[in-house]
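Understanding the architecture of this molecule
Residues per chain are reported as follows:
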Amino acid sequence: MAGIPVIASDLYELSRLINEYDNGYLVKNGSSQALKSCVESIDQTNIEYKRKNALAMRNEFCWENQEKILLNIYRHLS
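Criteria and cut-off values
Residues numbered from 1 in each chain as written. Predicted model: local features only at pLDDT ≥ 70, side-chain atom pairs only at ≥ 80, totals over all residues. Heavy atoms only, no water. Salt bridge = Lys/Arg side-chain N within 4 Å of Asp/Glu carboxyl O. Helix = DSSP H or I, 4+ residues; strand = E, 2+ residues; numbered from the N terminus. Buried < 20%, exposed > 50% of the residue type's maximum accessible area, 1.4 Å probe, protein only. Polar contact = N/O pair within 3.5 Å; in protein donor to acceptor, adjacent residues only side chain to side chain. Pairing = 2+ DSSP bridges. Right-handed = clockwise from strand over helix to strand, strands pointing away.

Further remarks concern the pattern of salt bridges. Here the structure, examined in full by the defined rule, presents five salt bridges. Residues lysine 28 and aspartate 10 are paired through a salt bridge, measuring 3.8 Å at the closest nitrogen-oxygen approach. Separated by 18 residues along the polypeptide, lysine 28 in the loop between strand 2 (24-27) and helix 2 (32-41) and aspartate 10 in the loop between strand 1 (6-9) and helix 1 (12-21) bring together distant segments of the chain. Under the relative-accessibility criterion, aspartate 10 is labelled partly exposed at 35%.

This is the structure we're talking about:
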């Protein structure tokens, strides 16, 4: 929500979101070397691009939109 690109483990849901929105970086294995390589590969142009994507993503996942989804789920439970 802050518009900051993320670095995340290659877990299913995290990788799906990062690949779909191109708003961050995936570390393929949990090693410190993989994390180091990921951080070292980031340049200013790339991080600005991903930052814009992260800002755009927050519009979809803001509380105002998520609230509607949650309330709809609650209505169907009754």
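More follows now that the structure is in view.
Right, let's get into the side chain of asparagine 53. With respect to the helices and strands, asparagine 53 occurs in helix 3 (residues 44-60). For asparagine 53, a relative accessible area of 19% corresponds to the buried category. A polar atom in the side chain of asparagine 53 sits 2.9 Å from the backbone oxygen of aspartate 22.

What follows covers the pairing of strand 2. Note: strand 1 against strand 2, four bridges, orientation parallel. In the sheet register, serine 9 faces strand 2, and the bridge partner there is valine 27. A crossover links strand 1 with its parallel partner strand 2, the connecting element being helix 1, and its sense is right-handed.

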